[in-house]
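# Inside the fold
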Amino acid sequence: MSVFENLETLKSEALLQINAASDLSTLNDKRVEYLGKKGPITDVMKQMKDLSNEDKPKLGAAVNIVKSAIEDAIEAKKVELEAAEIGAKLAKETIDVTLPATKRTKGSRHILTQTREEIEDIFIGMGYSVENGYEIESDNYNFERMNLPKNHPARDMQDTFYITPETLFRTHTSPVQARVMEKHDFTKGALKMIAPGKVYRRDTDDATHSHQFMQIEGLVIDKGIAMSDLKGTLDHLIKKMFGAEREIRLRPSFFPFTEPSVEVDISCFACGGEGCRVCKHTGWIEILGGGMVHPKVLEMSGIDPETYTGFAFGIGVERVAMLRFGINDIRGFYQNDVRFTNQFK
Ligand code: PHE
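Residues numbered from 1 in each chain as written. Predicted model: local features only at pLDDT ≥ 70, side-chain atom pairs only at ≥ 80, totals over all residues. Heavy atoms only, no water.

### Details of the sheet that holds strand β4 (residues 167-169)
To be explicit about the condition: One bridge is not enough; two strands pair if DSSP finds at least two bridges between them. Think of it this way: any DSSP run of H or I at least four residues long counts as a helix, any run of E at least two long counts as a strand, and we number them from the N terminus. Think of each axis as a best-fit line through the C-alpha atoms, taken over the contacting stretch in the case of a helix, with angles from 0 to 180 degrees between the N-to-C directions.
Strand order across the open sheet formed by three strands is β2-β4-β3, with antiparallel pairing between neighbours. Two strands lie at the open edges of the sheet, namely β2 (136-138) and β3 (162-164), each paired on one side alone. For this sheet, the mean angle separating the axes of adjacent strands, direction not counted, is 30°. In this structure, β2 lies alongside β4, joined through three bridges in antiparallel fashion. Its bridge partner being in β4, Ile 136 is matched across the sheet by Phe 169.

### Some details on the packing of helix α2 (residues 24-35) against helix α4 (residues 55-92)
Two quantities define a packed helix pair, namely the angle between the helix axes and the distance between the axes. The criterion, for reference: Angles are sorted into four bins: roughly parallel if under 35 degrees, roughly antiparallel if over 145, roughly perpendicular if 65 to 115, and oblique for all others. Residue contacts follow a heavy-atom distance rule, with two residues in contact if any of their heavy atoms lie within 4.5 Å. Put simply, Ala, Val, Leu, Ile, Met, Phe, Trp, Tyr, Cys and Pro go in the nonpolar bin, Asp, Glu, Lys and Arg in the charged bin, and everything else, Gly too, in the polar bin.
Two elements in contact, α2 and α4, have axes whose closest approach is 10 Å; the angle formed by their N-to-C orientations is 170°. The pairing of α2 with α4 is recorded here as roughly antiparallel in orientation. Residues Leu 24, Leu 27, Arg 31, Tyr 34 and Leu 35 of α2 form the contact with α4, whose participating residues are Lys 67, Ile 70, Glu 71, Ile 74, Lys 77, Lys 78, Leu 81, Glu 82 and Glu 85. Considered class by class, the residues forming the contact of α2 with α4 number seven nonpolar, no polar and seven charged.

### Some remarks on a negative patch on the surface
As a reminder of what qualifies: Only residues above 30% relative accessible area that lack a salt bridge enter a patch, with like-charged residues linked at up to 9 Å and the nonpolar side chains Val, Leu, Ile, Met, Phe, Trp and Tyr linked at up to 5 Å. To measure how exposed things are, a 1.4 Å probe is used in the Shrake-Rupley method; for residues, cover is taken only from the protein chains shown. Think of a salt bridge as a Lys or Arg side-chain nitrogen and an Asp or Glu carboxyl oxygen that are within 4 Å of each other. Asp and Glu are treated as the negative residues and Lys and Arg as the positive ones, with His and the ends of the chain left uncounted. Working definition for charges: the position is that of NZ of Lys, CZ of Arg, CG of Asp or CD of Glu.
Together, Asp 23, Asp 29, Glu 71, Asp 72, Glu 75, Glu 82 and Glu 85 give the surface a local cluster of negative charge. When residues of the negative patch are assigned to their parent elements, the largest contribution, five residues, is made by α4. With respect to the secondary-structure elements, Asp 23 resides in the loop between α1 (3-20) and α2.

### Considerations on the site of the ligand
As a reminder, the rule being used: Nearness is defined per residue: one heavy atom within 4 Å of the molecule or strand is enough. Nitrogen and oxygen atoms within 3.5 Å of one another constitute a polar contact, given that in protein one can donate a hydrogen and the other can accept it, and given that sequence-neighbouring residues count only through two side-chain atoms.
Contacts to the ligand come from 15 residues, most closely from His 172, Ser 174, Arg 201, Gln 215 and Glu 217. Within the side chain of His 172, an N or O atom sits 3.0 Å from a nitrogen atom of the ligand. At a separation of 2.8 Å, an oxygen atom of the ligand approaches a polar side-chain atom of Gln 215. In the complex, 94% of the free accessible area of the ligand, which totals 320 Å², lies under the protein chains. Elements that contribute at least two residues to the shell around the ligand include exactly β6 (212-222), β9 (284-293) and β10 (309-316). In terms of residue count, β10 provides more of the shell around the ligand than any other element does, three residues in total.

### Some words on the pattern of salt bridges
Spelled out, the test is: Each residue's exposure class comes from its accessible area (1.4 Å probe, protein chains only) as a fraction of the maximum for that residue type: buried when under 20%, exposed when over 50%, partly exposed otherwise.
For the structure on display, the rule yields 18 salt bridges. We note a salt bridge from Glu 117 to Arg 109, for which the minimum N-O separation is 2.0 Å. According to the relative accessible area criterion, Glu 117 is partly exposed, its value standing at 27%. By relative accessible area, Arg 109 is classed as partly exposed at 47%. Here Glu 144 ties to Arg 155 by a salt bridge, and the two come within 3.9 Å at their closest N and O atoms.

### A few points about the packing of aromatic side chains
What counts here: Stacked, edge-to-face and tilted are the three classes for Phe, Tyr and Trp ring pairs, Trp counted by its six-membered ring, which pair at centre distances within 6.5 Å; planes under 30 degrees apart are stacked, over 60 edge-to-face, the rest tilted. The criterion is that NZ of a Lys, or CZ of an Arg, lies within 6 Å of the ring centre and within 35 degrees of the ring normal, and then a charge sits over that ring.
Within this structure, the stated rule accounts for 11 aromatic pairs. Taking 4.9 Å as the distance between ring centres and 65° as the angle between the ring planes, the aromatic pair formed by Phe 123 and Tyr 128 counts as edge-to-face. Judged by centre distance (6.3 Å) and plane angle (25°), the ring pair of Phe 311 and Phe 313 falls under stacked. Each member of the pair, Phe 311 as well as Phe 313, carries the same accessibility label: buried. Three or more aromatic residues joined by ring pairs make a cluster, and in this case those are Phe 325, Phe 333, Tyr 334, Phe 340 and Phe 344. When the ring centre of Tyr 141 is taken as origin, the NZ or CZ atom of Arg 179, which lies over that ring, is 3.8 Å away.

Take a look at the structure:
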């Protein structure tokens, strides 16, 4: 078989294999195999020396034709394979926008946090500062400084959890009064503060009682503060929180740290005043206690009761939320049942 015939066979074999390549890496192998330095074309060229002078340039020309035929075939196949590869990738990555999406649920603040912040905003708007105290308090601040000496019978109303005989879970936010009073500098103006936080009592849990609940303490001290200031402040608070239609009742009461003392009731949301389980069949729900700061309490915190007077009050945050949203069981706040909490997003 002549070298020219060999070349023809080589060409048709190469074109066949190039066309059969199913991917780009096989195609690249074929390029190396046929056009590389150690390939069959180099072998053909080596036979040049055995040809006549007349045939030598003919072989050169034939080899060039075969070479470019192979190169063209490789290029054409490459374009084809690349297009197929992109097509396959696109088909694989198709997104079905009609599939249902994964639902993401959004969290929200607890209703007690929302209520506390709303009350805080009302008082911040009246120029009060927001103070922090301690949930674990000394007997001194929780009781003695609030005019509840040891063995005072009024301590029974607020029996609590003792850690040591002198350290306890605070029974009310009132100890923050003493902590703020003893530090206050009256040359910088009146003392106007609220103090929100958790308090603890040895109570039996029922629809309206919990051994742990939340209060907001209020305290204003300056020259000439009177009972009318307390009444006006609470009236403003209740109107802002509940609207003008809710009824309020002020009753004389007793707290060792205020004189005179008042209990503020709000008409029952559940029965409208007729009497039910929620209001213990009285038609009224106690929402806060308050009064004029007792002179002894001022004195114990280094404030002269002849010069300064003040009022104080304590609000139950759960009760406020219960009244506003018609919640009839306080235990719902603490059970973290999403069916309850999700209602207040
Ligand atoms: N500390 C009282 C209580 O927890 C509430 C109160 C606060 C009363 C301030 C008067 C003044 O019952």
